Each structure stands twice: as C-alpha cells, then as structure tokens.
Protein chains: 2
Amino acid sequence: MKGNVVIVEDDPLVAAHVGRGVEAHDGLSLVATTGTLAGARELLDRKVDLFILDLGLPDGSGIELIEEIRARGGLEPKILVLSVLGDQDTVLAAVLAGADGYLLKDIDSLDIGQQAADALTGGAPLSPSIAAYVLRHLRRQRDDAKSDDADPPLSPREIELLQLLARGYSNRQAAVALEISPHTIGDHVKSIYRKLRVSNRGEAMVRAFRSGLLRL
Amino acid sequence: MKGNVVIVEDDPLVAAHVGRGVEAHDGLSLVATTGTLAGARELLDRKVDLFILDLGLPDGSGIELIEEIRARGGLEPKILVLSVLGDQDTVLAAVLAGADGYLLKDIDSLDIGQQAADALTGGAPLSPSIAAYVLRHLRRQRDDAKSDDADPPLSPREIELLQLLARGYSNRQAAVALEISPHTIGDHVKSIYRKLRVSNRGEAMVRAFRSGLLRL
DNA sequence: ATTTCAATCCCCCGTTTACGGGGTGATCGC
DNA sequence: GCGATCACCCCGTAAACGGGGGATTGAAAT
C-alpha cells in the first residue's frame, strides 16, 4: 500500500520539484497539491498519510494547519514541514504543534522522496541546523529545570521537613516521621517561613516550588 | 583551516570506514583514532574540533566521555555520536549530556564526511528515527507541562480562590478579596481539598502545581 | 417536565492545628 | 567567642479543618 502524499506549497516551482521527488519514490503516491491553507483544509477529510507542508502560505501560516490536523485526532497523518523559515521560534512552534519533520528549502541535495518515506515510517527528518535548535532547546529546558534555589538557603533539616509538609504531613506527623519533638517541628517550620518570607503552609509550598526546592 | 577530527570507535572495520569518510572530505582532518575511553581521555588536551564517538566501548560508555568533555568547558569541541544503540534512553542521555548529533550505524547510505562537516558548522545531524525520539520527548514535556487537571476539574470559583491561597491569603482575607462570606470560603476550600484529595493547604498547593493548576 | 447534579452562596459547631512570641542548650565551623 | 544549625520546651491567639444544616441557579439527564 502506497503512502498518500499531499503537497501544500504556494511556489509552483517548488511544488513541482517536490512532486517529482515524491513520485520518483516507490511507496509514495501524490494525491493532491495545493497552494493555500483553504485548499489544504478541503483535503482534511481525505485519507492522507503525509502532508509535505510549506509554512509561508498566502492565506496564513502552515502552523495553523498543523494545529488543525492534530486537533482532529483520529487518523493522524504525518506532517513534514518544508520551509525557508529557519528561525528558532518558527521551528519550535511547528515541532510543538506536531510536525514530524522539518526541512529547510535551501538544501539542494535533499532527497525529498527518501525524507518523506522516513517521515512515513515514524522517523523525523530534520535538517542539521534545525536539529541544532531542537537539541539546544531540549538542553536549555533541562538546565532551567535543575537550576537550584538562589535566594534563601534552607538547612538540610528544613528541606527534609519541607518535603514532608509537601506531602501533607501535619507538624505532629512530621514529628513522628523525623523522630523529634512536635515543638521542634514547629520551630523548623518557623525558620522555613522566615527564610521563605511567608507566613503559612500554602504560600510556603508555592515559594518552595518557585525556588526549585520542590520538584514538579 | 581544517577541522581536527578524532574517531573513538572500538570496531576496527567501522573505524576504518569512518576514517575514510572523514579523509575524503575537504575541510576535515583525521588526527587520531582510538578504541577506548582511556585512549580518548589522553586526547582531551589536544586541539580537537570534532569527536566522532561510539557509545559502546570496551571500558565504558561514550556518554561518560561526553560528560567529561563538556565538564572541561573551554574549547567545547563538537561531538557526533555514532552508535548502534537507538533506544530512547540512550539517545536522550547522549543528547542531554551534550552530543551535537546522533547517527545510527545501520544507515549504509550515510555520508559521514558531510554529516561531520554539518556538525562542525553548528548543525546537528540526527538520524530520522533518532530525531523522532527527540521531538516526541520535546512534545511530551510540553504536554506534561500544560496538561490541565486530569482527575478533578476545579470550578472557576475554586481556581480563583486557589490562586489567592497560593499567595498566602487566609480564608478571611480571601473572603474580603472575593467579597463573599468567610464561611463560603471555607466551603470552597473544602471542595478544593475533596477534589484534590488532600486535607490541608500545603498539600493542596503541591497538588495544584503538579496538576498544572498553578504555574511555576 | 421532572429530577438530578454541580456550582455558588450562606450559616453553626467542635476539635485540631498552625502561628508567633518567648526562653534554653549543644554542636560545629570560622 | 560568635553565628548558624539543630534540638527542646511553654504559652496564647488565631486559623484551619471537618462535620452538619440549608438555599439558589442553571445545566444535563431522564
């Protein structure tokens, strides 16, 4: 069974070139080509396995189309973005919206047929410079996530207690868990409140989260 | 100026093949080949622009080497992983450790020279199936972050109140702010606790965060 | 059309807990 | 010695908690 491919591309030259690439590949079948978002929308109910999609279309951004396709659920065709836009925001928006691959148009040596086939079989063809954005973004997120506290340094004991409070422990329960007096728990709680500049449990938890003392 | 390339690969056949690919490319200069982590470590002080790195080495995982290279800071050579290991955990570990690209060995049609050059110029060559992992991971993170509630849908009023509680409001203060009776605040708070299955403010805040009801 | 339900609002009660202040002492590192 | 941490204690007020009661509205289900 051949994969049904739809090309959404407003530049006739590019569309034709991509079309040739698709038709040259066994396993791919070009079923339609359109140059507008509106035209693509009319094809949404057809059985399409792969959209090869330009982002800069005359009647809007291809990203809208990605969102619409993903919002429909159901068949979940693959979406391969083919764009001149290589800036980080556009790339991430497309990927997060649900693109399965992102190729820059300026690659002359690109074998569209092979890339399309890769996308169909679950791969994600990315131009190297695009991939660099994605990896950078991934690592930045990781780094952001693990950037510890900053402002108020809680003592180990206080952090320990904080974790218990986060799990809904009362002062008394925490006292049992830590095997110290409830009074001492109260004292530690006071210290925590003072350091976090709050005056009750709820706000303390919020600040703990925002300070990175507690993990999502 | 040619890019200095070091190959870290224990399989002599693969190493030789990769070496040919590198030498065939203008702009790349193969300066060393080693089959062990230990051998690679001895090269860390040399001026290397690109490591082409296997992960499964006899004396440990190449991921260790990535971490060591990145921990040194300074020159920051590029690192292109070339591995048979295509599982998600390995890929993500390598990428998060600081790999600039990840290619699977099973690709016969891979032009190592071109991929290496891409890596050197800031690109991130990823095999399509690898890229799929990365994109999936990226979207999953995004989805996790914005996945509303899940179990218990709080009413608008309750969410409104929750925000106040997160800012440290007492029931009484919240009553003033929302211009309703403190008793009603108490009722809403009870509802919130019931829906979030908690029994005090602190735990409620924690659950609210983990459910995405409150933003970091 | 009736019922059922969730959401909103209001009130009272009693018990438990939290909060904020006070004071004491031991240990450890600078 | 001094400051910070950790530990313990007591007190009183204030707040939170959990249970009960009831009312209204509007939407959804029967």
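Residues numbered from 1 in each chain as written. Chains lettered and ligands numbered in written order. Predicted model: local features only at pLDDT ≥ 70, side-chain atom pairs only at ≥ 80, totals over all residues. Heavy atoms only, no water.

The next point concerns the sheet that holds strand β7 (residues 101-104) of chain B. Residues and elements named next belong to chain B. Strand order in this open sheet of five strands is β2-β1-β3-β6-β7, and the pairing throughout is parallel. The open sheet terminates on both sides in strands that have one partner only, identified here as β2 (28-34) and β7. Across the sheet, the mean angle from the axis of one strand to that of its neighbour is 20°, orientation sign disregarded. Of the pairings in the sheet, the one linking strand β1 (residues 3-8) to strand β3 (residues 50-53) comprises four bridges and is parallel in character. (Pairing = 2+ DSSP bridges. Helix = DSSP H or I, 4+ residues; strand = E, 2+ residues; numbered from the N terminus. Axes fitted to C-alpha atoms, helices over the stretch in contact; angles between N-to-C directions.)

What follows covers the protein's contact with DNA strand D. In the vicinity of DNA strand D lie 18 residues, with Ser 155, Ile 180 and Asp 187 of chain A together with Lys 190 and Tyr 193 of chain B positioned nearest. Expressed as a percentage, the sugar and phosphate content of the atoms of DNA strand D within 4 Å of the protein is 69%. Interatomic distance of 2.3 Å between a side-chain N/O atom of Lys 190 of chain B and a base oxygen of DNA strand D. Within the contact set of DNA strand D, a phosphate oxygen lies 2.5 Å away from a side-chain nitrogen or oxygen of Tyr 193 of chain B. Elements represented by at least two residues in the surface near DNA strand D include exactly α7 (156-166) and α9 (182-196) of chain A together with α8 (171-178) and α9 (182-196) of chain B. When residues in the surface near DNA strand D are grouped by element, the largest group, five residues, is from α9 of chain A. (Near = heavy atom within 4 Å. Polar contact = N/O pair within 3.5 Å; in protein donor to acceptor, adjacent residues only side chain to side chain.)

Tyr 102 of chain A together with Tyr 102 of chain B are the most contacted members of the largest nonpolar core, which totals 70 residues. Dropping the residues within four chain positions of it, Tyr 102 of chain B is found in contact with Leu 55, Leu 80, Val 81, Ser 83, Leu 85, Thr 90, Val 91, Ala 94, Pro 125, Leu 126, Ser 127 and Ile 130 of chain B. The next biggest cluster of nonpolar side chains, apart from the first, holds 44 residues, and it includes Leu 178 and Ile 192 of chain A together with Leu 178 and Ile 185 of chain B. (Core = buried A, V, L, I, M, F, W, Y, C linked by side-chain atoms within 4.5 Å. Buried < 20%, exposed > 50% of the residue type's maximum accessible area, 1.4 Å probe, protein only. Contact = heavy atoms within 4.5 Å.)

Another aspect to go through is the relation of the copies chain B and chain A. At an RMSD of 1.8 Å, chain B and chain A line up after a rotation of 179° and a shift of 0.5 Å along the axis. In the structure described here, the two chain copies are related by an operation that fits a two-fold rotation axis. In this assembly the copies share their binding face: 100% of the residues contributing to the interface of chain B also contribute to that of chain A. (Least-squares fit on C-alpha atoms with pLDDT ≥ 70 in both.)

On to the sheet that holds strand β1 (residues 3-8) of chain A. Consider a sheet: its strands pair through backbone hydrogen bonds, and that pairing is either parallel or antiparallel. Residues and elements named next belong to chain A. Across the sheet, which stays open at both edges, the five strands sit in the order β2-β1-β3-β6-β7 with parallel pairing between neighbours. Both edges of this open sheet fall to β2 (28-34) and β7 (101-104), since each of them pairs with a single strand only. Across this sheet, the average inter-strand angle for adjacent strands is 20°, counted without regard to direction. With four bridges joining them, strand β6 (residues 78-83) and β7 adopt parallel strand pairing. Following the sheet pairing, Leu 82 is matched in β7 by Leu 103.

Moving on, we get to the interface of chain B and chain A. Listed as interface residues are 37 residues of chain B and, on the opposing side, 38 residues of chain A. Approximately 3100 Å² of surface area, both sides summed, lies buried where chain B meets chain A, with 65% of it carried by carbon and sulfur atoms. By the criterion of area lost to chain A, the three top residues of chain B are Leu 96, Leu 138 and Phe 209 of chain B, representing 19% of everything that side buries. Along the contact surface separating chain B from chain A lie zero salt bridges. Linking chain B with chain A are four residue pairs in polar contact (both at pLDDT 80 or more), by the criterion used here. When contributions to the side of chain B that touches chain A are tallied by element, the ones reaching two or more residues are α4 (88-97), α6 (128-146), α7 (156-166) and α10 (201-210) of chain B. The element that contributes the greatest number of residues to the side of chain B that touches chain A is α6 of chain B, accounting for 11 residues. By residue class, the composition of the side of chain B that touches chain A is 19 nonpolar, nine polar and nine charged. (Buried area = accessible area lost by both parts, 1.4 Å probe. Salt bridge = Lys/Arg side-chain N within 4 Å of Asp/Glu carboxyl O. Nonpolar A, V, L, I, M, F, W, Y, C, P; charged D, E, K, R; others polar.)

How big an interface is tends to be stated in terms of accessible area lost as the parts join. We note that the domain assignment places domain 1 (3-144) and domain 2 (156-210) within chain A. The straight-line distance from the C-alpha centre of domain 1 of chain A to that of domain 2 of chain A is 51 Å. (Domains from an automatic or database assignment.)

Time to look at unusual backbone geometry. Residue and element names in this part refer to chain A. Of note in this structure, Glu 179 is not a glycine but carries a positive phi near 55°. Tracing the sequence through the fold places Glu 179 in the loop between α8 (171-178) and α9. Taking relative accessible area as the criterion, Glu 179 reaches 73% and is therefore assigned exposed. With a phi angle near 55°, Arg 197 is a residue other than glycine that sits in the positive phi range. With respect to the helices, strands and loops of the structure, Arg 197 is situated in the loop between α9 and α10 (201-210).

Close to DNA strand C lie 19 residues; Lys 190 and Tyr 193 of chain A together with Ser 155, Ser 181 and Asp 187 of chain B are nearest. The contact atoms of DNA strand C, taken as those within 4 Å of the protein, divide so that sugar and phosphate hold 68%. In this structure, a phosphate oxygen belonging to DNA strand C sits 2.9 Å away from a side-chain N or O atom of Thr 184 of chain B. Here a phosphate oxygen of DNA strand C and a side-chain polar atom of His 188 of chain B are 2.9 Å apart.

Attention now goes to the pairing of strand β3 (residues 50-53) of chain A. Side-chain direction in a regular strand flips from residue to residue, so the side chains alternate between the two faces of the sheet. Residues and elements named next belong to chain A. Neither face of β3 is exposed, since Leu 50 and Ile 52 on one face and Phe 51 and Leu 53 on the opposite face are all buried. The sheet contact formed by β3 and β6 spans four bridges and is parallel. Bridged to Leu 50 within β6 is Lys 78.

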